[in-house]
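Here is how the chains run, residue by residue.
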Amino acid sequence: MGSSICVPPTLRETAFPDAFARERTQAMSAELLDLAIASAGGEELWDTVSGLKADVSIDGPVWGLKGWPPGTSFDQVLTIDTAREHIVFTPFTRPEWKMIFDAATDSVTVQTLDGEPVETLAPARAAFKGMLRNTDWDAPHLGYFLGYACWNYFTSPFLFTYPGVRTREIEPWHEAGQTWRRLQVRFPPDIATHSPDAVFYYDAFGMQRRMDYVAEVNNSFLVGHYTGHHQNFGGLVMPTRRRMFRRNPDNSVNLNFPSITVDVHGVELVRSDDEQVRP
């Protein structure tokens, strides 16, 4: 970042301080968002993409708490539609199953690989009401959580430019000898997320290093989610290592015991003239 020159406030700034504070905040937010998007590959590249195919491994002790055998991991191929909140996991919990999450219909469908229906959860979000942190999740509940979460992860930061999403830069954060700029993001109701508000942390190069949110469907668990090992996939730059930890009310995080891990092994860009992302 270049140095800035301090100038005295103008008469209009003195007369209308709140209005100019809002303008400065909007300018800062736009600058940070532009930096994050440019570092991720740029809007021009994203506009040529209709979907992504990602090879991932999902692990962590939380799945034992949700009714899956201790040590359970999920090795998946994700087929991600970048224009709408729609994602397919293959295979899903069994070698012969796949899972389709669709936010527009608030539904999760578990099918055989041949497309025969196994189980559907709809409306999906409401199905978590009354569940506790140690309440078991069956395959459709698991699919809802992983579906919206991974779609958000793989479409950020471009997602922040989608209709209804609002951003503003807040005070920076100092951690482990580093200073990270922070973007507060508010999502509209039609985008399924962990929570309507989240905070994204970026280093000086615009690379995402952390995100904070409340996992509402998991008993409103406070999460500090760290990202790293960024790689370039056909021009698209994204983190390939994600680690989720319990976050304390003071925003500190115990980094010794991740509850969920996500490792990305490869990402393929599907161009706009290729319809293979749509099942």
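In the block above lies the structure referred to throughout.
Residues numbered from 1 in each chain as written. Predicted model: local features only at pLDDT ≥ 70, side-chain atom pairs only at ≥ 80, totals over all residues. Heavy atoms only, no water.

Asker: Before we move on, could you go through the nonpolar core and cite the residues and values that matter?
Answerer: Membership of the largest hydrophobic core comes to 71 residues, with the highest contact counts inside it found for L52, I58, W63, F154 and F160. The greatest single-element share of this core, amounting to 11 residues, is contributed by helix α5 (residues 139-155). Non-local contacts of F160, meaning those with residues more than four positions away in its chain, are made with L33, V165, T167, L183, V185, F187, F200 and Y202. In terms of nonpolar packing, the next biggest core, distinct from the first, is built from seven residues, I170, W180, Y201 and Y226 among them. (Core = buried A, V, L, I, M, F, W, Y, C linked by side-chain atoms within 4.5 Å. Buried < 20%, exposed > 50% of the residue type's maximum accessible area, 1.4 Å probe, protein only. Helix = DSSP H or I, 4+ residues; strand = E, 2+ residues; numbered from the N terminus. Contact = heavy atoms within 4.5 Å.)

Asker: Lay out the packing of aromatic side chains in plain terms, naming residues and giving numbers.
Answerer: What the rule picks out here adds up to 17 aromatic pairs. The interplanar angle of 80° and the centroid separation of 5.9 Å between the aromatic rings of F145 and Y148 together place this pair among those described as edge-to-face. Separated by three residues within a single helix, F145 and Y148 lie in helix α5, roughly one turn from each other. Of the residues examined, F145 reaches a relative accessible area of 7% and is grouped as buried. Centre to centre, the rings of W180 and Y201 are 6.2 Å apart; their planes meet at 90°, and the pair counts as edge-to-face. Residue W180 is located in strand β8 (residues 178-186), and its partner Y201 is located in strand β9 (residues 197-202); the two are separated by 21 residues in the primary sequence. Here W180 and Y201 have matching classes, each one buried. Taken together, the aromatic side chains of W63, W68, F74, F101, F128, W137, Y144, F145 and Y148 make up a single cluster linked through ring pairs. For R125, the ring lying beneath its charged end belongs to Y148, and the centroid distance is 5.4 Å. (Phe/Tyr/Trp six-rings, centres within 6.5 Å; stacked < 30°, edge-to-face > 60°. Lys NZ or Arg CZ within 6 Å of the ring centre and 35° of its normal.)

Asker: So, the pairing of β8: which residues are in play, and what are the values?
Answerer: Regular strands place their side chains on alternate faces of the sheet. As judged from the eight bridges shared by strand β7 (residues 166-175) and β8, these two strands associate in the antiparallel manner. Residue T167 lies in a different strand from β8, and its bridge partner there is V185. Taking the residues that link successive antiparallel strands as the turn, the β7-β8 hairpin has two residues, and the phi of A176 there is positive, at about 50°. Looking at chain direction, β8 and β9 are connected through six bridges and run antiparallel. Bridge assignment links V185 to a residue of β9, and that residue is A198. (Pairing = 2+ DSSP bridges.)

Asker: Describe in detail the pattern of salt bridges, supporting the description with residues and values.
Answerer: Per the stated rule, a full pass over the model turns up 12 salt bridges. Between D212 and R210 there is a salt bridge, and its shortest N-O distance comes to 2.8 Å. As far as the burial class goes, D212 and R210 line up, both buried. Note that R243 is salt-bridged to D263, the shortest N-O span being 3.2 Å. Of this pair, R243 sits in strand β12 (residues 236-246) while D263 is found in strand β13 (residues 260-271), placing the two residues 20 residues apart along the sequence. Relative accessible area serves as the criterion here: at 13%, R243 is assigned to the buried category. Under the relative-accessibility criterion, D263 is labelled partly exposed at 23%. Connected through shared salt-bridge partners, E175, R210, D212 and R247 make up one network. (Salt bridge = Lys/Arg side-chain N within 4 Å of Asp/Glu carboxyl O.)

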